[in-house]
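Below are the chains, spelled out letter by letter.
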Amino acid sequence: MPAPDAPLPTLMLDGPLTAAEARDAWHRLLKGLPAKGDVHLDGSGLTAIDGAGLQLLLAVEGAVAGRAGRLRFVGASETLCRALDLVGLDRMLAREVRP
């Protein structure tokens, strides 16, 4: 178990996150998850997202929750914010990470 003051693992999303990238992104993100605990996700470099990308974010959130953790966004592009707002998933973003 990491020390209480140890930085949380941060997963990075950059470029597009669409149906074409979802499978590879899923495997890459899963490899970055710790066995237990919270995870930061930085989506500030995300340039495009579609329904498959949104589903992937929900799946990652579920995978982190299944490991007794919480997914916390530490950065979000305008594209990501708009997409989450559009489908009512803006609860995933804290106000301080909005551009």
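Since we're looking at a predicted model, the values are computed, not measured.

**Concerning the packing of helix H1 (residues 19–31) against helix H2 (residues 51–66)**
No. 1: In the contact formed by H1 and H2, the axes pass within 9 Å of each other and the chain directions differ by 15 degrees. For the element pair H1 / H2, the angle class is roughly parallel. Our pair here, H1 against H2, has a crossing hand that is right-handed. Contacts between H1 and H2 involve Ala19, Ala22, Ala25, Trp26, Leu29 and Leu30 from the first element and Ala52, Leu56, Ala59, Val60 and Ala63 from the second.
No. 2: Of the residues contributing to the contact of H1 with H2, the split by class is eleven nonpolar, no polar and no charged.

**Considerations on the sheet that holds strand E1 (residues 10–17)**
No. 1: If you walk across this open sheet you meet the three strands as E1-E2-E3, and the pairing is parallel. Taken across any chain shown, the strands that pair with only one partner, and hence form the sheet edges, are E1 and strand E3 (71–76). Across the sheet, the mean angle separating the axes of adjacent strands is 25 degrees when strand polarity is ignored.
No. 2: Inspection of the sheet shows E1 paired to strand E2 (residues 39–49) by seven bridges, in the parallel sense. Of the residues in E2, the one forming a bridge with Leu17 is Ile49.

Criteria and thresholds
Residues numbered from 1 in each chain as written. Predicted model: local features only at pLDDT ≥ 70, side-chain atom pairs only at ≥ 80, totals over all residues. Heavy atoms only, no water. Axes fitted to C-alpha atoms, helices over the stretch in contact; angles between N-to-C directions. Helix = DSSP H or I, 4+ residues; strand = E, 2+ residues; numbered from the N terminus. Parallel < 35°, antiparallel > 145°, perpendicular 65-115°, else oblique. Left-handed = near helix turned anticlockwise from the far one by under 90°. Contact = heavy atoms within 4.5 Å. Nonpolar A, V, L, I, M, F, W, Y, C, P; charged D, E, K, R; others polar. Pairing = 2+ DSSP bridges.

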